[in-house]
Amino acid sequence: MPTIVPSILASDFTRLGESVSAVQEGGAAMIHVDIMDGHFVPNFTMGPPITTALRQRFPKVKMDHHLMIEDPDTYAPIFIKAGADCVSVHYEACRNLDRTLHMIQDHGARAGVVINPATSVFLLDNVLDFVDYVLVMSVNPGFGGQKFITRSLDKVRHLVCLREERQLSFLLEIDGGVGPDNVAEVAKAGVDWVVAGSSVFGADQPAEALRTMQRLAEEAISIKV
Ligand code: DX5
Ligand code: ZN
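Keep in mind that what you see is a predicted model, and the values were worked out from it rather than measured.

Asker: An account of the pairing of strand 6 (residues 133-137) is needed here, citing residue identities and associated values.
Answerer: With five of five residues buried, strand 6 lies mostly within the body of the structure. Here strand 6 shows a buried face lined by Tyr133, Leu135 and Met137 and a second buried face lined by Val134 and Val136. As judged from the four bridges shared by strand 5 (residues 110-115) and strand 6, these two strands associate in the parallel manner. Opposite Gly112, over in strand 6, you have Tyr133 as the bridge partner. Judged from the five bridges that link them, strand 6 and strand 7 (residues 171-175) form a sheet pairing that is parallel.

Rendered as structure tokens:
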């Protein structure tokens, strides 16, 4: 069943706690936290103190950390200690991807690998048997509110086939440009976690927007053609 995961990047940072409460009320058990360092991507966002504050105020919410940073080996353990449950690192940022992913798991978090729109699924061949999730970027990372890149769905379908063929258990996540207009198509491609930033927090009622997206995703996969 696809789950919508709200990305707090699009929330009002002056009211972050209220924003997280709102999506919890809308049914979110997990939030997506975008970490940017101004080097791997041309933008900055949040650091470990925000993770710590969210963990203190929301002890039960799962926190999916998407590290868009050049030095995940140094910072992944810091974010895990601060309260991250799932940590994904970019294929493009890791010199020793196998070691980095195992290090995240050894620190007690679920480890994800992320691929940019220009990175091929074939490059993940040697990590798919142990990684906890694969995040397919459907925009170039760095900013919310960008246009969905449709061919990323081919990557999702390819990964679904590989997972089936090799009887693997990694989850599939997609991130960027998903809203009420395309969430059905995204769900049908076979993703497990659908990140949604501006389509949730840009709405007047984020809880309601989240519920609508979740319903559209569930309806899409229950329709048999
Ligand atoms: C972009 C981030 C996304 C972003 C998605 O680099 O990784 O998580 O928050 O935002 P929307 O849903 O607005 O495209
Ligand atoms: Zn993200």
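Asker: Please provide a residue-by-residue account of the coordination of the zinc ion (ligand 2), values included.
Answerer: Donor atoms from the polypeptide that coordinate the zinc ion (ligand 2) comprise His32 (NE2), Asp34 (OD), His66 (ND1) and Asp175 (OD), at 2.1 to 2.3 Å from the metal. Between the six donor atoms coordinating the zinc ion (ligand 2), the angles at the centre fall across 71 to 171°, so the site counts as octahedral.

Asker: Which residues make up the packing of helix 3 (residues 72-82) against helix 4 (residues 97-106), and what values do they have?
Answerer: Relative orientation of the contacting elements helix 3 and helix 4 amounts to 15°, with a least axis distance of 10 Å. Judged by the inter-axis angle, helix 3 sits roughly parallel to helix 4. In the crossing of helix 3 with helix 4, the sense of the turn from one axis to the other is right-handed. Touching Pro72, Asp73, Ala76, Pro77 and Ile80 of helix 3 are Thr100, Met103 and Ile104, all from helix 4.

Calculation rules
- Residues numbered from 1 in each chain as written.
- Chains lettered and ligands numbered in written order.
- Predicted model: local features only at pLDDT ≥ 70, side-chain atom pairs only at ≥ 80, totals over all residues.
- Heavy atoms only, no water.
- Buried < 20%, exposed > 50% of the residue type's maximum accessible area, 1.4 Å probe, protein only.
- Helix = DSSP H or I, 4+ residues; strand = E, 2+ residues; numbered from the N terminus.
- Pairing = 2+ DSSP bridges.
- Donors = N, O, S within 2.8 Å, 3.2 Å for Na, K, Ca; no water.
- Tetrahedral: all angles 85-135°; square planar, octahedral: opposite > 155°, others 65-115°.
- Axes fitted to C-alpha atoms, helices over the stretch in contact; angles between N-to-C directions.
- Parallel < 35°, antiparallel > 145°, perpendicular 65-115°, else oblique.
- Left-handed = near helix turned anticlockwise from the far one by under 90°.
- Contact = heavy atoms within 4.5 Å.

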